[in-house]
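Per-entry structural report
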Amino acid sequence: MTLNVNPVVYGILFIVLAPIFGGLLAGIDRITSARMQSRVGPPLLQPFYDLGKLLQKDARQVNPIVEPLLIGHAALMAVTGAMLLGGTDLIFVAFVFALAALFLVLAAGSVNSPYSFAGAERELIVLLASEPFFILMLAAICKVTGESSYQGVLASPVWVAWQLPGVLLAFTFVATIKLRKSPFDISTSHHAHQELVSGLTSDMSGRLLAYVEMAHWYESAILAAFVVLFFNWSIPLGLLVFAIAYGAEVLVDNSTSRAKWQLVLRSTWAVTLLLVGGNVLALFLIK
Amino acid sequence: MSSLIAFLVVFPLVVGGLLLAVRNGKLRNVIVVLAALVVAGASVVTAMTFGNGNAVFFGLPNGLSLGQWLLAAEVAIAAFVVVISIQHRRILAPVLVLAQVAITVYLELSGKMPEVDPSRIFWFDRLAMVMVLIIGIVGTLICVHSLGYMRDYHRSSPLIKGRRTVFFCLLFVFLGAMFGLVVSNYLPLMLIFWEMTTLCSFLLIGYTRTKETVGYAFNALNMNMLGGLGFSVAILLLVNGNQSLDLATLTSGPATAALLPALALLCLAGLTKAAQMPFSSWLLGAMYAPSPTSALLHSSTMVKAGVFLLLRLSPAIAGSNLGTLVAFVGMLTFLFVSLVGVTEQNTKKVLAYSTIGSLGLIVGCAGLGSPELIWVGVMIIIFHAVAKGLLFLVVGTIENRLYSKDMENFDTLLSRLPLVSALALTGIAGMFIAPFGVVVAKWTAIRAFLEIPGWQGAALLVIMAFGTSLTLFYWGKLLIKVLSMRSVSEYELSVQKRITRFEWLAEIALAAGVIGIAAFIGVISEQVVGPQALATFKGTSESFLHVQPVMLTTMVVAVLFLPALALWTSRQKHYDMNDFYAAGRPVTTAGVMGMALGGSRTVSLRNYYLEGVVNGGLVFRAGTVVCGVLVIAAIAVGMVAR
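Please read these numbers as outputs of a predicted model, since none were measured by experiment.

1. Side note on unusual backbone geometry
Following B:Met277, the chain continues to B:Pro278 via a peptide bond in cis, the omega torsion being 5°. Considering the arrangement of structural elements, one finds B:Pro278 in the loop between α10 (260-273) and α11 (281-285). For A:Ser38, which is not a glycine, the phi torsion comes out positive at approximately 60°. With respect to the helices, strands and loops of the structure, A:Ser38 is situated in the loop between α1 (7-36) and α2 (46-56). Judged by relative accessible area, which is 69%, A:Ser38 ranks as exposed. Despite not being glycine, A:Arg180 shows a phi value in the positive range, around 50°. Residue placement: A:Arg180 occurs in the loop between α8 (165-178) and α9 (207-230). On the basis of relative accessible area, A:Arg180 is assigned to the buried category, the value being 17%.

2. Comments concerning helix α5 (residues 126-156) of chain B
What sets the pattern is the α-helix's 3.6 residues per turn: residues three or four places apart point alike. Residue and element names in this part refer to chain B. Taking 1.5 Å per residue, 31 residues should reach 45 Å; α5 reaches 43 Å between its end C-alpha atoms and fits that length. The largest bend along α5 reaches roughly 35° and is located at Ser146. For α5, a buried count of 26 out of 31 residues is recorded, marking the element as mostly surrounded by other parts of the structure.

3. Here we look at the side chain of B:Arg163
Residue and element names in this part refer to chain B. As for its position among the elements, Arg163 is in the loop between α5 and α6 (164-183). Of the side chains bearing the opposite charge, Glu212 lies closest to the buried Arg163, which forms no salt bridge; the N-O distance is 14 Å. Discounting chain neighbours no more than four positions away, the residues touching Arg163 are His154, Gly206, Tyr207 and Arg209.

4. Some thoughts on empty space enclosed by the protein
Evaluation of the coordinates by the stated rule reveals nine cavities of 30 Å³ or more. There is about 150 Å³ of room inside the largest cavity. Lining the largest cavity are 13 residues; nearest its centre among them are B:Glu74, B:Thr104, B:Met113, B:Pro188 and B:Leu191. Of all the secondary structure elements, the ones that give two or more residues to the lining of the largest cavity are α3 (69-87), α4 (92-110), α7 (187-205) and α8 (211-240) of chain B. For the lining of the largest cavity, the leading source of residues is α4(B), giving four residues. Its residues assigned to classes, the lining of the largest cavity shows nine nonpolar, two polar and two charged. By volume, the second largest cavity amounts to about 120 Å³. Together, 11 residues line the second largest cavity, and A:Phe95, B:Phe432, B:Val439, B:Thr468 and B:Leu472 are the ones closest to its centre. Put simply, the parts of the chain that give the lining of the second largest cavity at least two residues each are α4 (90-110) of chain A together with α19 (438-450) and α20 (454-483) of chain B. Along the lines of polarity and charge, the residues of the lining of the second largest cavity split into seven nonpolar, two polar and two charged.

5. As for the packing of aromatic side chains
If you walk through the whole model with that rule in mind, you get 31 aromatic pairs over all chains. Here A:Trp261 and B:Tyr608 contribute two aromatic rings whose centre-to-centre distance is 5.6 Å and whose plane-to-plane angle is 55°, an arrangement assigned as tilted. Within this pair, whereas A:Trp261 is found in helix α11 (residues 261-286), its partner B:Tyr608 is found in the loop between β4 (600-602) and α25 (616-641), the two belonging to separate chains. Considered together, A:Trp261 and B:Tyr608 belong to a single accessibility category, that of buried residues. Ring plane angle 65° and centroid distance 5.1 Å describe the contact between B:Phe167 and B:Tyr207, whose orientation is recorded as edge-to-face. Separated by 40 residues along the polypeptide, B:Phe167 in helix α6 and B:Tyr207 in the loop between α7 and α8 bring together distant segments of the chain. In this structure B:Tyr207 comes out as buried when scored by relative accessible area, which is 1%. Three or more aromatic residues joined by ring pairs make a cluster, and in this case those are A:Phe97, A:Phe133, A:Phe134, A:Phe171, A:Phe226 and A:Phe230. Over the ring of A:Phe284 we find A:Lys143, and its NZ or CZ is 4.2 Å from the ring centre. Over the ring of B:Phe57 we find B:Arg120; its NZ or CZ atom is 4.0 Å from the centre of that ring.

6. Describing the environment of B:Ala596
Residues and elements named next belong to chain B. With respect to the helices and strands, Ala596 occurs in the loop between β3 (592-594) and β4. Under the relative-accessibility criterion, Ala596 is labelled exposed at 63%. On a C-alpha basis, the gap between Ala596 and Ala506 in space is 49 Å, while along the polypeptide they are 90 residues apart.

7. Description of the interface of chain B and chain A
Each side of the interface is counted separately: chain B has 65 residues, and chain A has 60 residues. Of the roughly 5600 Å² buried between chain B and chain A on both sides combined, carbon and sulfur atoms contribute 78%. For B:Asp579, the salt bridge is made with A:Arg60, and the minimal N-O distance between the two is 2.5 Å. Remark: the boundary between chain B and chain A carries 10 residue pairs in polar contact (both at pLDDT 80 or more). Listed by contribution, the elements that provide at least two residues to the side of chain B that touches chain A are α19, α20 and α24 (549-571) of chain B. For the side of chain B that touches chain A, the element with the most residues is α20(B), which contributes 19 residues.

The rules we used
- Residues numbered from 1 in each chain as written.
- Chains lettered and ligands numbered in written order.
- Predicted model: local features only at pLDDT ≥ 70, side-chain atom pairs only at ≥ 80, totals over all residues.
- Heavy atoms only, no water.
- Helix = DSSP H or I, 4+ residues; strand = E, 2+ residues; numbered from the N terminus.
- Buried < 20%, exposed > 50% of the residue type's maximum accessible area, 1.4 Å probe, protein only.
- Expected span 1.5 Å × (residues − 1).
- Bend = angle between axes of the 7 residues up to and from the residue.
- Lys, Arg positive; Asp, Glu negative; His and termini not counted.
- Salt bridge = Lys/Arg side-chain N within 4 Å of Asp/Glu carboxyl O.
- Contact = heavy atoms within 4.5 Å.
- 1 Å grid on protein atoms, 1.4 Å probe; cavity = no way out; pocket = protein on both sides within 12 Å on 5 of 7 lines; lining within 4 Å.
- Points joined across faces, edges and corners; volume = space filled by probe spheres on them.
- Nonpolar A, V, L, I, M, F, W, Y, C, P; charged D, E, K, R; others polar.
- Phe/Tyr/Trp six-rings, centres within 6.5 Å; stacked < 30°, edge-to-face > 60°.
- Lys NZ or Arg CZ within 6 Å of the ring centre and 35° of its normal.
- Buried area = accessible area lost by both parts, 1.4 Å probe.
- Polar contact = N/O pair within 3.5 Å; in protein donor to acceptor, adjacent residues only side chain to side chain.

This is the structure in structure tokens:
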């Protein structure tokens with residue numbers, strides 16, 4: 001990577017390119033899932049067609065604040081990624097990332113409806129479960145490299161993944177939550193067969209749903225960028241590991257049933273405490 | 001300077017005395033508003049006179065001396081406590097206060113008291129300036145707010161005997177005592193103001209004189225008197241050890257072993273007043289008092305005195321075992337109360353847990369001590385004073401309109417009380433919407449924790465990560481309730497019109513303050529908090545002063561977004577609402593659902609309180625025990641060090 005480019009350029013590139021990355025990932029996801037279920041599946045670009053269709057449709061506004069909140073959600077996700085690649089302090093990014101996720105909860109919660117509300121509450125629980133991990137992960141990466149920005153970590157001679165194996169292992173666990181994959185897809189689902197119908201997106205339609213989809217694509221790209229941080233000596237290796245891990249997530253998604261929120265919360269906290277806490281403790285004791 | 005400070009201390013006391021005699025409501029309104037203007041103005045003038053910002057020391061105006069006045073004040077406070085305790089048949093408070101008086105009298109009679117340096121009675125620096133501004137502006141706004149609040153409070157609770165003369169008298173005396181406390185340099189003088197704040201909070205908590213509140217009031221009195229006794233014993237130890245009673249001298253650098261016992265007891269005093277575990281229960285009991293009392297105790301007085309003292313002590317205790325233990329008491333308190341907070345349904349109590357947690361962070365910073373961490377501590381004090389003051393006032397207003405403090409009854413608030421919602425959202429944004437407010441401080445704290453070697457650094461990181469996420473959960477729940485919408489009737493909307501001008505004035509001013517601090521965080525950091533942090537630790541690093549423009553922009557947008565959205569909604573006369581998805585059942589935009597077998601019900605949605613995963617009561621007791629052990633260890637470490 002040529003480091004003499006202004007990091008802001010990477011930030012802007014993220015805003016433009018991340019949806020393409022996320023959309024293609026969603027397309028691959030659907031094809032892979034279909035093959036696992038012995039179906040042919042949709043074309044690779046189907047998520048983009050879907051998004052175009054959603055944007056054309058009328059949005060049924062349950063109340064006037066859902067739309068601004070969802071725009072805020074998508075915009076903040078884009079800003080999080082832009083800040084991450086644009087060289088903002090990594091720990092600061094962790095806080096903005098949480099805020100971005102919170103806006104989706106607020107949008108769903110503002111609808112005074114049972115399905116949306118239950119979805120919003122569960123998403124909040126999922127946030128509570130995963131947030132300690134992301135703060136600790138980014139703090140640990142800063143600690144091992146002594147750097148505070150994305151470019152700094154990439155340029156660091158320290159091989160992050162070797163120093164933080166526990167954190168990397170926990171990442172694959174927590175990513176299941178962020179990608180809203182089974183068994184941790186308690187707050188929403190693409191399929192309307194769960195007890196919450198589609199949870200926090202129940203009352204979002206047309207372009208409102210398109211914002212949610214866009215935000216999710218940005219989120220996937222942010223997660224990929226996080227994985228690259230672990231493999232800071234080789235970006236292609238990082239992306240390859242992300243692809244393999246994503247494939248594993250799809251497999252898990254198709255072979256498990258949804259867990260209860262209690263299990264999600266307990267297991268994520270336990271994993272974070274043991275793997276990440278243990279790894280961080282070792283780091284502090286050795287260094 | 002000395003006459004300005006004397007004015008700030010004495011004027012509120014005089015106004016308080018005057019208000020005791022004023023029974024006419026209209027006259028009281030005039031006096032309170034005028035006095036609030038004068039006090040706020042005087043505090044601003046004091047801050048402006050401060051000029052170049054180097055610490056200054058000075059004595060009483062016109063060469064007056066303290067003489068025997070301190071002893072007289074101590075005896076008066078003790079007599080008052082004894083009388084009121086006898087009336088209510090309580091034994092612990094008088095024992096504690098008499099022990100204190102015994103120490104003071106012994107010291108006076110034994111002739112061991114060192115000569116007071118008449119030019120170093122008061123200490124004014126940037127920290128004192130920040131405190132004076134908070135007390136002078138936030139504190140007086142709360143007094144103005146009370147004018148409206150107390151009227152409605154007594155209308156909605158006719159069984160409680162109104163004693164508003166006493167109430168307003170206490171508010172002003174409280175402010176006067178706080179002014180004195182934050183500028184005191186001579187420890188025995190600070191102790192008098194310390195005890196005055198204890199007494200004021202005791203009387204304010206017990207204002208309604210019901211059996212319940214009297215119990216809570218005495219709990220607060222006992223715990224804070226214990227801290228006060230620690231303060232007295234600390235003075236005794238200092239005098240016996242031929243040490244200075246000059247706070248600035250004591251805390252000019254790392255303490256010698258001879259000073260540690262006294263410092264440990266001063267830390268105990270700070271921890272009690274800052275309501276850290278195991279002393280948290282008094283602040284939770286205080287929630288049963290009228291809301292302006294809570295606002296005052298949380299934002300500008302009382303608990304802030306506790307963390308103020310600990311921040312003052314920070315350079316002396318940092319780096320010692322005592323400092324580390326105090327820091328862990330604070331950080332563990334933050335973690336435990338955040339965990340209890342997610343199980344709490346009473347909004348005022350959620351705010352109280354959030355306060356104790358924020359104070360815990362400040363205590364953690366004070367105990368560990370470094371320029372960065374002092375910066376964090378003072379920043380949290382500023383953000384918290386304005387945002388939490390606003391939130392308590394708003395919750396008080398809502399409580400008087402909806403007759404409930406239960407978070408669950410705040411749903412669809414945006415539709416019912418749109419302007420109040422906008423104010424509440426400003427306060428919540430100020431408290432926790434990343435990256436503004438306390439979050440900026442948390443971020444800097446995490447950066448500082450990364451530099452702490454050994455298991456302590458790792459433990460602090462883990463505590464911070466989990467504690468922060470827990471606060472996100474309870475704030476998120478409150479936000480969902482405030483932001484939800486449904487169709488409302490004209491009658492429901494008219495409720496908002498009954499809010500008094502005093503309440504609007506105070507709440508809008510504080511909301512403007514929250515936004516102002518967000519916009520000027522760079523200036524505040526570079527001109528005030530940064531130099532203060534560097535002066536405290538005689539550091540030269542300036543890395544923490546820099547706020548990147550991209551962060552500043554995000555910050556202002558983030559803090560304005562939700563309130564602006566609420567205001568925009570309230571301006572729309574007839575916005576589009578559609579019925580939500582209800583699995584095919586007929587439903588109205590007001591949230592009434594048709595049932596399968598006929599009839600209809602209004603949708604009622606309840607938040608999750610993590611039942612079965614987190615047991616709030618158990619966590620609270622566990623925290624009390626763990627932190628209690630740590631506090632005892634801290635005092636023991638201090639004693640052994642000698």
